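Observations on the model geometry
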2 protein chains.
Amino acid sequence: MITLDLILPDTRYPIHIGHGLLEQVDLLLPHLPVPKAAIVSNETVAPLYLARLRQALEARGVACLSVVLPDGEAHKDWQTLNRIFDALLSGNAERKTTLIALGGGVIGDMTGFAAACYQRGAPFIQIPTTLLAQVDSSVGGKTAINHPLGKNMIGAFYQPRAVIADMDLLATLPERELSAGLAEVIKYGLLGDADFLAWLEANMPALRARDSTALQYAVKRSCEMKAVIVAEDEKENGVRALLNLGHTFGHAIEAGMGYGAWLHGEAVAAGMVLAAAASAELGWIKQEEVERVRRLIAAAGLPTRAPQMPVEQWLSLMAHDKKVEAGTIRFVLLRRLGQAAIQPGLDITLLERILRANS
Amino acid sequence: MITLDLILPDTRYPIHIGHGLLEQVDLLLPHLPVPKAAIVSNETVAPLYLARLRQALEARGVACLSVVLPDGEAHKDWQTLNRIFDALLSGNAERKTTLIALGGGVIGDMTGFAAACYQRGAPFIQIPTTLLAQVDSSVGGKTAINHPLGKNMIGAFYQPRAVIADMDLLATLPERELSAGLAEVIKYGLLGDADFLAWLEANMPALRARDSTALQYAVKRSCEMKAVIVAEDEKENGVRALLNLGHTFGHAIEAGMGYGAWLHGEAVAAGMVLAAAASAELGWIKQEEVERVRRLIAAAGLPTRAPQMPVEQWLSLMAHDKKVEAGTIRFVLLRRLGQAAIQPGLDITLLERILRANS
């Protein structure tokens, strides 16, 4: 097991990465202020892992509630969030009851947001069960639900007490979800580590074959990079925005196609190709580097083209991006492969050109 | 104008108390990071004050959205909160758009919670238009909505950038709302300042006649006490719980009778009588002091008796109180008049006795 520490001004917490961690409740117990927990999972993950976690906790004297939500981004909304509150209140959960997210990014984001709001703040722990959640969404305290007009528009910065990334849980992950997680892994290489990018190009077949050593390294390197960036800028006033490489385009795809039609990672993948293409248009990178990005994304089993939408729809969807300031969309682009940078505003004809070429 | 400063570990903000402040937008402008604001008000307050505030801001170059919600505690729920998000997103409000709460406690709590959640945190300012909001709910950063199973169960600690308490706005306040505000003022005397309690007994007729000097002093003294307590314990890990004197009983009355049937201040008033009665049962204060509390509350035009509910309903409603720890309700009682203290748990026969005597 590897343990990384995420150190923030007001708190710090461990990210444990390894095998067989689900039932190692010694990793959880120090973070429960009272022996009561509420496990939040979904209909796909719960049959696989919920009983094992619950029994391991109950064997150590922790009283457990559980809530099983429908699976998928389409349910990352207020109605579903309310089911967590209903279960907490019906089960007399107190302000010190610890919420445990057992699932992918949607469950992590919703459980974290529920914890942020329940009685104005209850403790919570992330046990991510997808690659995407392990490398990205479970770390850093961004929690949210979607609004019909924009992705992750309603949420909170609220840090977990611990993150437990058990590699063994990836064994049951569908192929498509594995690829979606690889999109966020590729993002780390592109935005900040050219060596890691080269490593990913060399090891993509091993990752897709779920080679245990390769996966653990990819999770560790991604979490390391995220921890450094979040430690520097918890509330996204600066450098943290770079973690949104591909996400301004990606969120527009998700909202435009209807939440759940494209997986988040798939939308981010196509969004990163658009970001690379825009970077080439600005002369920041070469066209052949765009193609290198496209090849790696294709090798991960991910889409390299965005869906067709009228440019007005793109603009209207992107206008709700959280990086918009004074009416200007701040795009995260590639200064070079391995170094992202913010570009405030893009010419509309440039946008039309890259959308036409990559949709 | 008097200005108090609330100083917290991560932030500080002014509480301005005085006359003619609504249109003094110089008090607001330093707190707007960008010249864009969203004013949230309700159907009662908006016709009186919204246009004046909006025009004053627009005259200084601030672009304004506005959202007018239905009035009353019955609407302090997710459906109504969502109307704020709809308006913000439809109006392309950005993360730095400042939300301005123009209304009473319900508007302040909902606007603050919307600001806490919108894009994971937008700035907000409180312009309380009721006495209750001016002396209590606008200060200290408690924001929330209700859940059918419990009052203020879903919310956040999220501080405003400024609080503007304009005494002139109280001129249009209905009698019943004025009395409801006086409940929270009396609370401050009871929990922490015996001299202020005596002052309230002497000045209750002046306060109910809306004597300007008396009202301003009552607002100032209440805000001073709240600022000291919140500065010491922002997240309610200790002394801040004392501000909930009367509220454990009061929240049960509000939820049990249906939100809006009893005004918050009315429920707190009856709750303070119950707290005083319980304190007398424990031998902390004398029965004649309970009657002194009851007389002051009656003099403020407030109910001194709780509605009749079966004791099981009281217990079930109070079980969702945020001060419950390890299954025990932590009651805020009166060690003496002018000094509150926490009592973990009350004997059920004692509870039955005080409920029977005071319902």
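Remember, it's a predicted structure, so these values are computed and weren't measured experimentally.

**A few points about the confidence of the model for chain A**
Detail in the predicted coordinates should be disregarded across regions flagged by low pLDDT. Considering every residue of chain A, the mean pLDDT works out to 96; 100% of them sit at 70 or more. At the level of chain-chain contacts, confidence expressed as ipTM amounts to 0.93, with global pTM at 0.94.

**Concerning the environment of Val219(B)**
All names here are of chain B. Inspection of the secondary structure puts Val219 in helix α7 (residues 212–232). In this structure, the C-alpha to C-alpha distance between Val219 and Val185, residues 34 residues apart in sequence, is 7.7 Å. Residues in contact with Val219, not counting those within four places in the same chain, are Ile17, Leu131, Gln134, Val135 and Met167.

**Regarding the interface of chain A and chain B**
The figure often quoted for interface size is the accessible area lost as the parts come together. Chain A puts 39 residues into the contact, and the matching count from chain B is 39 residues. Counting the surface lost from both chain A and chain B, the interface buries some 3,300 Å², and carbon and sulfur atoms represent 54% of this. Looking only at chain A, the three residues that lose the most surface to chain B are Trp78(A), Leu89(A) and Arg120(A), adding up to 24% of its buried area. Here chain A and chain B share three salt bridges between them. The salt bridge involving Glu325(A) is made with Lys96(B); its shortest N-O contact spans 3.3 Å. Secondary-structure elements contributing two or more residues to the side of chain A that touches chain B are α2 (78–90), α3 (105–117), β7 (142–147) and β8 (150–157) of chain A. Considered class by class, the residues forming the side of chain A that touches chain B number 17 nonpolar, ten polar and twelve charged.

**Let's talk about the packing of aromatic side chains**
Think of a pair of aromatic rings as described by two things: how far the centres are apart, and how the planes are tilted against each other in angle. Taken as a whole and assessed by the stated rule, the structure comprises 15 aromatic pairs over all chains. Relative to Trp199(A), the ring of Phe196(A) lies with its centre 5.8 Å away and its plane at 15°, an arrangement referred to as stacked. With Phe196(A) and Trp199(A) both in helix α6 (residues 194–208), this residue pair falls three residues apart, about one helical turn. Accessibility expressed as a relative area gives 22% for Trp199(A), which makes it partly exposed. Pairing Phe196(A) with Tyr217(A) gives two aromatic rings, centres 6.1 Å apart and planes at 70°, and the pair type is edge-to-face. Within this pair, whereas Phe196(A) is found in helix α6, its partner Tyr217(A) is found in helix α7 (residues 212–232), the two being separated by 21 residues in sequence. The rings of Trp78(A), Phe85(A), Trp78(B) and Phe85(B) are connected pair by pair, giving a single aromatic cluster. One residue, Lys187(B), lies across the ring of Tyr188(B), its end atom 4.9 Å from the ring centre. Over the aromatic face of Trp284(B) sits the side chain of Arg335(B), whose NZ or CZ is 3.8 Å from the ring centroid.

Rules of the game
Residues numbered from 1 in each chain as written. Chains lettered and ligands numbered in written order. Predicted model: local features only at pLDDT ≥ 70, side-chain atom pairs only at ≥ 80, totals over all residues. Heavy atoms only, no water. pLDDT = per-residue confidence, 0-100. Helix = DSSP H or I, 4+ residues; strand = E, 2+ residues; numbered from the N terminus. Contact = heavy atoms within 4.5 Å. Buried area = accessible area lost by both parts, 1.4 Å probe. Salt bridge = Lys/Arg side-chain N within 4 Å of Asp/Glu carboxyl O. Nonpolar A, V, L, I, M, F, W, Y, C, P; charged D, E, K, R; others polar. Phe/Tyr/Trp six-rings, centres within 6.5 Å; stacked < 30°, edge-to-face > 60°. Buried < 20%, exposed > 50% of the residue type's maximum accessible area, 1.4 Å probe, protein only. Lys NZ or Arg CZ within 6 Å of the ring centre and 35° of its normal.

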